Amino acid sequence: MPATIRSQVATWGLAAIAGVASLGTVAGPASASDDSAPASSAAQAPQSSGHPKSAVEYADRLITAYGIGDAVVVDQLATKNVVAALAEHNDGHANRWHRTSADSGKGYIWVSYTNLDTHDVMNLTVRNAIAADKGGDAVREVEFVS
């Protein structure tokens, strides 16, 4: 094999290895966590596109309150329609939701959670400005996907 072809093959080989290696940094960690991992392990947050941190934390507080059955906090954080939908969907697996993604645009953030038992997906729509001001009813919509 001539030297120029060997050089090009080596260059393409290195480029392919670098491309495969970069997939891990671009794609990020797996979205859902493995429950068998010890609680002390350093878990990475799901990937997002630069969403407002306070709105995601707001949604997480709602899901935590929903999971432990804290109706007072759920009422404070979500609209009446969302509260009713959460109550209707409560099937004994409410504390097994794991955030899988978050994205934002036009003053809202959309946060998705997956139930680790049922694999249902819950999508929340949060109003950024209300969540940032720690106001009530920032969670405006909920959608369940089975």
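Remember, predicted model here, so these are calculated numbers, not experimental data.

Visitor: For this particular structure, what's the right way to read helix α4 (residues 80–89)?
Guide: Because each turn of an α-helix spans 3.6 residues, side chains separated by three or four positions end up pointing in the same direction. Those residues of α4 that fall on the buried side of the exposure criterion are Val82, Val83 and Leu86. One face of α4 carries all of its buried residues, which in axial projection span an arc of 100°. Residues of α4 that are exposed and angled more than 90 degrees away from the buried face: Lys80, Asn81, Ala87 and Glu88.

Visitor: Please explain the pairing of strand β3 (residues 121–127) as it appears in this structure.
Guide: Pairing geometry for strand β2 (residues 108–115) and β3, over seven bridges, is antiparallel. Bridging across to β3, Trp110 finds its partner in Thr125. Connecting β2 to the next strand, β3, in antiparallel fashion are five residues, including His119 with a positive phi near 65°. Inspection of the sheet shows β3 paired to strand β4 (residues 139–145) by six bridges, in the antiparallel sense.

Visitor: For this particular structure, what's the right way to read the confidence of the model for the protein?
Guide: Any segment with low pLDDT has predicted coordinates that should not be analysed in fine detail. The pLDDT averaged across the protein works out to 74; a share of 63% of its residues lies at or above 70. Segment residues 13–51 is flagged for pLDDT under 50; beyond a separation of four residues in sequence, or across chains, it makes 29 contacts in the model.

Visitor: What is the right way to look at the packing of aromatic side chains in this model?
Guide: A ring pair, where both rings are aromatic, is described by two values, the distance of the centres and the angle of the planes. For the structure on display, the rule yields two aromatic pairs. Look at Trp97 and Phe144: their rings are 6.1 Å apart centre to centre, the planes differ by 55°, and that puts the pair in the tilted class. Placement of the pair is Trp97 in strand β1 (residues 97–105) and Phe144 in strand β4, with a sequence separation of 47 residues. Trp97 sits in the buried class, given a relative accessible area of 11%. For Phe144, a relative accessible area of 23% translates into the label partly exposed. Stacked on the ring of Tyr108, the Lys or Arg Arg127 has its end atom at 5.0 Å from the ring centre.

Visitor: Can you walk me through the nonpolar core in this structure?
Guide: Among soluble globular proteins, nonpolar side chains are generally buried collectively. Membership of the largest hydrophobic core comes to 27 residues, with the highest contact counts inside it found for Leu62, Leu86, Tyr113, Met122, Leu124, Val126 and Val139. Elements with a minimum of two residues in this core: α2 (53–68), α3 (71–77), α4, β1, β2, β3 and β4. Looking at which element gives the most residues to this core, the answer is α2, with eight residues. The residues touching Met122, leaving out its near neighbours within four places in the chain, are Ile63, Tyr66, Leu86, Trp97, Val111, Ser112, Tyr113, Val142, Glu143 and Phe144.

Visitor: Explain the pattern of salt bridges here, please?
Guide: A side chain of one charge can pair with a side chain of the opposite charge if their charged atoms are brought near each other. In total, this model carries two salt bridges according to the counting rule given. The partner of Arg99 in a salt bridge is Asp60, with the nearest N and O atoms 2.8 Å apart. Separated by 39 residues along the polypeptide, Arg99 in strand β1 and Asp60 in helix α2 bring together distant segments of the chain. Between Asp117 and Arg96 there is a salt bridge; the shortest N-O distance is 3.1 Å. One end of the pair, Asp117, is in the loop between β2 and β3; the other, Arg96, is in the loop between α4 and β1, and 21 residues separate them in sequence. Judged by relative accessible area, Asp117 falls into the partly exposed class, the value being 35%. By relative accessible area, which is 23% here, Arg96 ends up partly exposed.

The rules behind each value
Residues numbered from 1 in each chain as written. Predicted model: local features only at pLDDT ≥ 70, side-chain atom pairs only at ≥ 80, totals over all residues. Heavy atoms only, no water. Buried < 20%, exposed > 50% of the residue type's maximum accessible area, 1.4 Å probe, protein only. Helix = DSSP H or I, 4+ residues; strand = E, 2+ residues; numbered from the N terminus. Arc of directions from axis to C-beta. Pairing = 2+ DSSP bridges. pLDDT = per-residue confidence, 0-100. Contact = heavy atoms within 4.5 Å. Phe/Tyr/Trp six-rings, centres within 6.5 Å; stacked < 30°, edge-to-face > 60°. Lys NZ or Arg CZ within 6 Å of the ring centre and 35° of its normal. Core = buried A, V, L, I, M, F, W, Y, C linked by side-chain atoms within 4.5 Å. Salt bridge = Lys/Arg side-chain N within 4 Å of Asp/Glu carboxyl O.

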